[in-house]
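Listed below are the residues making up each chain.
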Amino acid sequence: MNINVLDIIKSEFATNLTDGSVLFEAIKSYKPSEITISFNGIRRISTLFLNECIGQYAMNNPATINDLKFEYPADKENFSLKVEDVIENALLGDEYDTFVDNALLSM
Amino acid sequence: MDSKIVLHLSDNIYTNFSGIKRLFDFYKTASDYYNETIYIDFYHLNWFDANLSALFGSILAKLTNENNLKFSTDLKYLEEHFDVLYRNGFLRSDSVVSDEQQSTVSFKSFSIEDKDGFINYVENDLLTHRGMPNLTEDEKDNIIDSLIEVFCNIQIHSKTDEPFYVCGQYYPKQGVLTFSMVDLGVGFLPAIKNKTKGVVNNDYDAIKWALEKKNTTKVGRPGGLGLFDLNTYFGKTNGDLQIITGDTFWSLELENAVMKKFHFPNPYVGSILNLFFKYK
């Protein structure tokens, strides 16, 4: 199933928390293998937005998140890097927080 | 008869600790008054970094709203000596004022909901400015996305509905375009202190924490990259990034100096980012 971000958030700027929540609500009941998320028509994305939808979705589906497919606009290669980064961040999650907390405690 | 209340801005107001401290001190003094008209004396001011119109504008708006203050000044003097404040839209004039030098990036305020307005401003006013470095498309995208993220984060963290203020100025002699962004929220520390369960308990450490790649104050969410990316960009390009929140002035440039912690005796509110783009 194709999930078109532009149709869901009704804006070419996928940037804020509200946009992210709306997209997360639209995808959360699907398995990663069942959907393709299309960013066609989107001009700007932020990691804040991606954290809220894709990051949260990755945290809910850590074992199967690699099955999730994406479509990107032709001139926006950096979208895929951001998505990969956000997924990586999401999967590091608490492990990273613990590392930072320990480092701070040792300061 | 009531005597006239006069507050002075004097010497030089640059985008550094000392200049920002002068504006914070102005706020502190003015905030002791209510329901008055304050005359601002600019006669002894030699220099004002016009990008700081964002901070000064936020101060005047806050005092107007919260203390019911009004402000007056010698507008003719300002028009003659600080015409940049007309050219960047901070002050309005009946006569047409054009920015022939093309050195200003307009003074604007945005509601925190107005993502379209802010993004259009960054794309069309800031990034196309003649003072901006020759950026690759990737660099441009990264900067826009980072600024968008900072803007959107304010919605969550600042706990305020007050507008967000921006202004920029190109300094051709120094080859630098400085862009200032000001929010009137609660600053970095409260949410970070809460998230770290009190481990981070001062403004300086809160700024350092916020600059880390994966740190976020949102529970159960991965972290953001906005400040991390900006810090990385300015580190690579020999520009500078300043972050002012709570009582602390932090600067990328000062991180390699012996004295790196500067504290304001009269802190303001929210947070201020000053971005120094070095023209290549």
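Residues numbered from 1 in each chain as written. Chains lettered and ligands numbered in written order. Predicted model: local features only at pLDDT ≥ 70, side-chain atom pairs only at ≥ 80, totals over all residues.

Caption draft 1: Representation of the overall build of chain B within the structure. When helices and strands are tallied, chain B shows 9 helices and 12 strands. Relative to its length of 280 residues, chain B is compact, with a C-alpha radius of gyration of 19 Å against a globular reference of 19 Å. If you line up chain B on its principal axes, its C-alpha atoms span 60 × 40 × 40 Å. Taking all 280 residues of chain B together, 44% fall into the buried category. The long-range share in chain B, meaning contacts at least 24 apart out of those at least 6 apart in sequence, stands at 69%. (Helix = DSSP H or I, 4+ residues; strand = E, 2+ residues; numbered from the N terminus. Rg over C-alpha atoms; globule rule 2.2 N^0.38 Å. Buried ≥ 20, exposed ≤ 12 C-beta atoms within 10 Å, placed from the backbone. Contact = placed C-beta atoms within 7 Å.)

Caption draft 2: The sheet that holds strand β11 (residues 262-263) of chain B, seen in detail. With antiparallel pairing, 7 strands are arranged side by side in an open sheet as β6-β7-β8-β12-β9-β10-β11 (chain B). Looking at which strands have only one partner, the edges of the open sheet turn out to be β6 (104-110) and β11 of chain B. (Pairing = 2+ DSSP bridges.)

Caption draft 3: A look at the packing of helix α1 (residues 17-30) of chain B against helix α2 (residues 53-67) of chain B. All names here are of chain B. Here α1 crosses α2 at 5 degrees, and the two axes come no closer than 11 Å. By the angle between their axes, α1 is roughly parallel relative to α2. Between α1 and α2, the residues in contact are I20, L23, F26, Y27 and A30 and L55, F56, I59 and L63, respectively. Grouping the amino acids of the contact of α1 with α2 by side-chain chemistry returns 9 nonpolar, no polar and no charged. (Axes fitted to C-alpha atoms, helices over the stretch in contact; angles between N-to-C directions. Parallel < 35°, antiparallel > 145°, perpendicular 65-115°, else oblique. Nonpolar A, V, L, I, M, F, W, Y, C, P; charged D, E, K, R; others polar.)

Caption draft 4: Seen up close, the nonpolar core. Counting residues in each nonpolar core, the largest one holds 93 residues, and the members touching the most others are I54 of chain A together with A54, L55, F151, M181, I192 and A206 of chain B. At 8 residues, the largest contribution of residues to this core is made by helix α6 (residues 137-157) of chain B. With near-sequence residues (within four places) excluded, F151 of chain B lies in contact with K115, F118 and F164 of chain B. (Core = buried A, V, L, I, M, F, W, Y, C linked by C-beta atoms within 7 Å.)

Caption draft 5: Here's a closer look at the pairing of strand β8 (residues 176-183) of chain B. Residues and elements named next belong to chain B. Of all 8 residues making up β8, 7 are buried, and the element is well covered by its neighbours. Looking at chain direction, strand β7 (residues 164-171) and β8 are connected through 7 bridges and run antiparallel. Across the sheet, residue Y171 finds its bridge partner in β8, namely V176. Linking β7 to β8, which pair antiparallel, is a turn of 4 residues; within it G175 sits at a positive phi near 65 degrees.

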